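Residues per chain, in single letters:
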Amino acid sequence: HGNSRINEKGHLEIGGCDTADLANKFGTPLFVYDENLIREKSRAYKKAFEKSGFSYQVAYASKAFMSLAMCRLAAEEGLSLDVVSGGELYTALKADFPAERIHFHGNNKTIEEMEMALDAGIGCFVVDNFHELEVLHALGQERGMKVNILLRLTPGVSAHTHEYISTGQEDSKFGFSIHNGQALEAIKQALKMEFYNVLGIHSHIGSQIFETVGFVEAVRKLSDFLLHLRDETGYEIKVLNLGGGFGIRYTEEDTPLTADQYILPVTDEVKKQFETAGYALPEIWIEPGRSIVGDAGTTLYKIGSVKTIPGIRKYVAVDGGMTDNIRPALYQSRYEAMLANRAKDEAEEVVSIAGKCCESGDMLIWDIKLPTVSPGDLLAVSCTGAYGYAMANNYNRIARPAVVFVKDGQAEVVIARETMDDLVKLDRIPTNMLASN
Ligand code: LLP
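Remember, it's a predicted structure, so these values are computed and weren't measured experimentally. (Residues numbered from 1 in each chain as written. Predicted model: local features only at pLDDT ≥ 70, side-chain atom pairs only at ≥ 80, totals over all residues.)

Draft legend 1. A look at the packing of helix α5 (residues 111-120) against helix α6 (residues 130-143). Two elements in contact, α5 and α6, have axes whose closest approach is 10 Å; the angle formed by their N-to-C orientations is 45°. As summarised for this structure, α5 and α6 are arranged oblique, according to the angle between their axes. For the pair α5 and α6, the sense of crossing is right-handed. Across the interface between the two elements, Ile111, Met114, Glu115 and Leu118 of α5 pack against Val135, Leu136, Leu139, Gly140 and Arg143 of α6. Looking at side-chain class alone, the contact of α5 with α6 contains six nonpolar, one polar and two charged residues. (Axes fitted to C-alpha atoms, helices over the stretch in contact; angles between N-to-C directions. Helix = DSSP H or I, 4+ residues; strand = E, 2+ residues; numbered from the N terminus. Parallel < 35°, antiparallel > 145°, perpendicular 65-115°, else oblique. Left-handed = near helix turned anticlockwise from the far one by under 90°. Contact = placed C-beta atoms within 7 Å. Nonpolar A, V, L, I, M, F, W, Y, C, P; charged D, E, K, R; others polar.)

Draft legend 2. View of the UniProt feature "binding site: pyridoxal 5'-phosphate" (unreviewed entry) in the protein. Mapped onto this numbering, the UniProt entry annotates "binding site: pyridoxal 5'-phosphate" (unreviewed entry) at Gly245, Glu287, Pro288, Gly289, Arg290 and Tyr387. Tracing the chain through its elements places Glu287 in the loop between β13 (283-286) and α10 (290-293). If we skip the residues at most four places from it in the chain, Glu287 touches Ala59, Ala61, Asp82, His204, Asn241, Gly243 and Gly244. Tracing the chain through its elements places Pro288 in the loop between β13 and α10. The exposure class of Pro288 is buried, given the 28 C-beta atoms found within 10 Å. (UniProt positions renumbered as here; feature names shortened; annotations may be inferred. Buried ≥ 20, exposed ≤ 12 C-beta atoms within 10 Å, placed from the backbone.)

Draft legend 3. Structural view of the environment of Glu348. Relative to the helices and strands, Glu348 resides in the loop between β16 (337-339) and β17 (349-354). Put simply, Glu348 and Leu30 are 318 residues apart on the chain and 26 Å apart in space, counted from C-alpha to C-alpha. Excluding residues that lie within four positions of it along the chain, Glu348 makes contacts with Pro371 and Thr372.

Draft legend 4. View of unusual backbone geometry. Looking along the chain, the bond that leaves Thr28 and enters Pro29 is cis, with omega of -10°. Take Pro29: it is sitting in the loop between α1 (19-26) and β4 (30-34). Despite not being glycine, Arg397 has its phi angle at roughly 50°, a positive value. With respect to the element layout, Arg397 can be found in the loop between β19 (378-382) and β20 (402-407).

Draft legend 5. The arrangement of the domain arrangement of the protein in detail. Each assigned domain of the protein is listed with its residue range as follows: domain 1 (4-33 + 296-424) and domain 2 (53-289). Facing 14 residues of domain 1, the contacting portion of domain 2 comprises 11 residues. Among the elements of the structure, β20 and β21 (410-415) are those that each provide at least two residues to the side of domain 1 that touches domain 2. When its residues are assigned to classes, the side of domain 1 that touches domain 2 shows 10 nonpolar, two polar and two charged. (Domains from an automatic or database assignment.)

Okay, structure coming up:
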């Protein structure tokens, strides 16, 4: 997919770069991002909104993969940015991402984080709960500035799909429920607060969703709520943020829609609901993360030990694992892979791909058909661009991989490989132990 192909040497090539050369030059494990594919995905959402006729913002959910380079790319593509922590915000600001296009999420923003965001002049806070509603307002008041906010609501929708991370239901740590009166109460309060500019509402129903029914259902419930809100207060929203959650194809079982197919039925529903009610059409914002970067990322691993248990299983171990991709261990996520250095060889045996961590659960792929592998072969696991590097960790003091962007035959490091020194950089030896040496 994307800008990948198999070259004359029988090697997998991504963005015009031979993956065997990339592995030699940058080492393994290595995250390789097809830069043009990220750009195409970003543009597809924007094009869908152009067709819809709505004013819009496409905010990249940076939790999926965050780095200075990714912020630059998002800025160049005219995306907005969804951040959820001081660290993501700091990264965005370091990359000179336009502050007014940054949206700040999270169910427990600290005072320090809110102050940092206010001082940077970010575009909007997505207020999650009553505590934040009070604290953020006080901070705005201290500064004598009106703070742009959306209120995060839980519409009580479950998106119909076999595997997604659900957040739209009432029993959730996120947001104000529209069913128990808290959403109404929160917006009424916010409208009375002098240092708030209430732009509208937000809802995010889940992740890795393959159908539009959940989004359409959310729009209906939110529309009913908004009409009720208008009756009570006369207030009409200017912004309707429908969150992210658009799925990607990890394996053949996954059946994602195109950007048009995700967006247009939903914008049609907004139009229908709002026009019927004589309600001015809002701007629509979305927050895709996975579907912007997921497909574009491939992880290259070097194959090491191979253990055959006769009649049972062949374990093929790679030089990474749950430290660079925790999703199989955490969510039983499935991935596809190929031998990047022997991409034309016939797949002839079923093996399982193990990571190198001291943990039986550190398996990347169970039962995948590959050519007979040898130590030193290069394994490419596809669709690792979202929540892979972002959730990477240093379990077993394994250094995090490097990340490269490839494009038109050029490869550039965008996150350097962690070094052994990095791993001990923050360690301190207590004085009594220093003395005893
Ligand atoms: N907006 C909000 C408020 C969110 O909570 C999320 C994801 C997104 C947008 C972006 O969703 P996306 O388009 O990427 O599906 N670590 C999990 C995914 C957690 C998603 C958390 N929130 C995974 O690896 O599958």
